[in-house]
Amino acid sequence: MARFSANLGFLWQELPLPDAIRAAKAAGFDAVECHWPYEVPVEAVRSALRETGLKMLGINTIRGDVAAGENGLAALPGRENQARDAIQQAVAYATEIGAVNVHVMAGRASGEAARETFIANLQFACELAAEPGIMILIEPLNHRDVPGYFLQTCEQALEVIEAVGRPNIKLMFDCYHLQIMQGDLTFRLQTYLNSIGHIQIASVPDRREPDHGEINYHHILAQLNELGYRQPIGAEYRPATSTDAGLGWLKTFREKTSL
Ligand SMILES: O=C(O)C(=O)[C@@H](O)CO
Ligand SMILES: [Mg+2]
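Residues numbered from 1 in each chain as written. Chains lettered and ligands numbered in written order. Predicted model: local features only at pLDDT ≥ 70, side-chain atom pairs only at ≥ 80, totals over all residues. Heavy atoms only, no water.

Q: Lay out the overall build of the protein chain in plain terms, naming residues and giving numbers.
A: When you go through the protein chain residue by residue, the secondary structure sums to 9 helices and 8 strands. Here the C-alpha atoms of the protein chain give a radius of gyration of 17 Å, agreeing with the 18 Å that 2.2 N^0.38 yields for 259 residues. Principal axes of the C-alpha set define a box for the protein chain whose edges measure 50 × 40 × 35 Å. For the protein chain, with 259 residues in total, the buried portion stands at 55%. Looking at the protein chain alone, contacts between residues at least 24 apart form 78% of all its contacts between residues at least 6 apart. Summed over all atoms, the accessible surface of the protein chain reaches about 10,700 Å², with 49% contributed by carbon and sulfur. Averaging the locations of the 22 positively and 31 negatively charged side chains of the protein chain gives two centres separated by 4 Å. (Helix = DSSP H or I, 4+ residues; strand = E, 2+ residues; numbered from the N terminus. Rg over C-alpha atoms; globule rule 2.2 N^0.38 Å. Buried < 20%, exposed > 50% of the residue type's maximum accessible area, 1.4 Å probe, protein only. Contact = heavy atoms within 4.5 Å. Areas by Shrake-Rupley, 256 points an atom, 1.4 Å probe, with all protein chains shown as cover. Lys, Arg positive; Asp, Glu negative; His and termini not counted. Charge placed at Lys NZ, Arg CZ, Asp CG, Glu CD.)

Below, the structure is given as structure tokens:
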């Protein structure tokens, strides 16, 4: 049976994070993940995770000055101190709650200096994350939602991962972003599976429940099953109405796939 992780950055946003974790459990999710949990005391998150038995699969580094349009710091030349503070904050929080992955957000930048800055900051992140056993993730984002974001394709992310040269860094394969940027999802999942640390889904183009739109997730999930991928898939979409009202896909996807 396929397993799914509720992305609490988008699902049950109206609830405090600990209650969103409980709601995810009640709805039948197998894990949770979120974006920026830093204002919630770790004890509250930890006890909701313990109580529900769910694992937190991932959290993100902070984005910087969001009002000024920043969306991550790690590829911004001259901002290394802030980028590393953000990495330290994320790894510390992830360690406290037993999270599996930390997504290090690159930010809006381009060019060789940005690439080198990103690689050096990622090496720092990997070294810090090695001892607590945390995986560092990097995620290409689409150019419509996040114009100017440093990472925009799978192959660019894989080149960065290769250059970082550490064992604890992988690709976050968000089918929504990668369908918009590149498509050919089945081929890319087959080819790059060993470098993929987490997979996320949403409909394209509207980023809502994954049961409609231009991606056939029944096909994608069947492919992942054949490839032997067994990790929970992240449901990272904006519910069309309420989270609970839109969860029909969860039962159908589970029944139809043996992932
Ligand atoms: O937007 C996404 O997709 C994410 O996974 C976030 O973590 C980054 O904005
Ligand atoms: Mg994503």
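Q: Explain the coordination of the magnesium ion (ligand 2) residue by residue, including any values.
A: The magnesium ion (ligand 2) binds to the protein through Glu139 (OE), Asp174 (OD), Gln200 (OE1) and Glu236 (OE); the donor distances cover 2.0 to 2.2 Å. With 6 donor atoms in place around the magnesium ion (ligand 2) and angles of 74 to 177° between them, the coordination shape is octahedral. For the magnesium ion (ligand 2), the single-chain donor residues occur in sequence as E-x34-D-x25-Q-x35-E. Of the two residues, Glu139 is situated in the loop between strand S5 (135–138) and helix H5 (154–164) and Asp174 in strand S6 (residues 169–174); the sequence distance between them amounts to 35 residues. By relative accessible area, Asp174 is classed as buried at 1%. (Donors = N, O, S within 2.8 Å, 3.2 Å for Na, K, Ca; no water. Tetrahedral: all angles 85-135°; square planar, octahedral: opposite > 155°, others 65-115°.)

Q: Give a detailed account of helix H9 (residues 248–256), specifying residues and quantitative values.
A: Residues Trp249, Leu250, Phe253 and Arg254 constitute the buried set of H9. Burial along H9 is one-sided: seen end-on, the buried residues are contained in an arc of 125°. H9 presents Lys251, Glu255 and Lys256 as exposed residues on the side facing more than 90 degrees away from its buried surface. Contacts from the buried residues of H9 go to strand S1 (4–7), helix H1 (17–27), strand S7 (196–201), helix H8 (217–227) and strand S8 (233–235). (Arc of directions from axis to C-beta.)

Q: Residues and numbers for the site of ligand 1, please.
A: Around ligand 1, the surrounding shell consists of His35, Asn60, His103, Met105, Glu139, Leu141, Asp174, His177, Gln200, Arg207 and Glu236. Between Asn60 and ligand 1, the recorded distance is 2.6 Å, taken from a side-chain N or O atom to an oxygen atom. Glu139 places a side-chain nitrogen or oxygen 2.8 Å from an oxygen atom of ligand 1. Burial of ligand 1 by the protein amounts to 92% of the accessible area it has alone, namely 260 Å². Counted by class, the shell around ligand 1 contains 2 nonpolar, 5 polar and 4 charged residues. (Near = heavy atom within 4 Å. Polar contact = N/O pair within 3.5 Å; in protein donor to acceptor, adjacent residues only side chain to side chain. Nonpolar A, V, L, I, M, F, W, Y, C, P; charged D, E, K, R; others polar.)

Q: Let's hear about the sheet that holds S1: which residues, and what values?
A: In spatial order, the strands read S2-S1-S8-S7-S6-S5-S4-S3; together these 8 strands make up an open sheet with parallel pairing. Unpaired on one side and paired on the other, strand S2 (31–33) and strand S3 (58–60) mark the two borders of the sheet. For this sheet, the mean inter-axis angle between neighbouring strands, taken without regard to orientation, is 30°. Note: S5 against S6, 3 bridges, orientation parallel. Directly across from Leu137, in S6, lies its bridge partner Lys170. Packing against the sheet, helix H4 (residues 112–130) makes contact with S5 and S6, and its axis sits at approximately 155° to S5. (Pairing = 2+ DSSP bridges. Axes fitted to C-alpha atoms, helices over the stretch in contact; angles between N-to-C directions.)

Q: Please set out the pattern of salt bridges residue by residue, giving values where relevant.
A: Counted under the stated rule, the structure contains 11 salt bridges. Residue Glu51 pairs with Arg22 through a salt bridge whose shortest N-O separation is 2.8 Å. A residue pair is termed long-range when its members are at least 10 positions apart, and Glu51 in helix H2 (residues 42–52) and Arg22 in helix H1 qualify at 29 residues. A residue is classified by how much of its surface remains accessible, and Glu51, at 54% relative accessible area, is exposed. Judged by its relative accessible area of 28%, Arg22 falls in the partly exposed class. Notably, a salt bridge pairs Glu236 with Arg207, separated by 3.0 Å at the nearest N-O pair. Remark: Arg207 occurs in the loop between S7 and H8 and Glu236 occurs in the loop between S8 and H9; sequence separation between them is 29 residues. The same class applies to Glu236 and to Arg207, which are both buried. One connected set of salt bridges, linked through shared partners, spans Asp19, Arg22 and Glu51. (Salt bridge = Lys/Arg side-chain N within 4 Å of Asp/Glu carboxyl O.)

Q: How would you explain the packing of aromatic side chains if you had to name every residue and give the values?
A: Across all of its chains, the model carries 8 aromatic pairs by this definition. Measuring from ring centre to ring centre gives 5.6 Å for Phe118 and Phe150, while their planes differ by 75°; the resulting arrangement is edge-to-face. Of this pair, Phe118 sits in helix H4 while Phe150 sits in the loop between S5 and H5, and the two are 32 residues apart along the sequence. Take Phe118: its relative accessible area is 0%, and that puts it in the buried class. Through successive ring pairs, a cluster of aromatic residues spans Phe4, Trp12, Phe29, Tyr237, Trp249 and Phe253. A cation over a ring is seen here: Arg63 above Trp36, with NZ or CZ 3.8 Å from the ring centre. (Phe/Tyr/Trp six-rings, centres within 6.5 Å; stacked < 30°, edge-to-face > 60°. Lys NZ or Arg CZ within 6 Å of the ring centre and 35° of its normal.)

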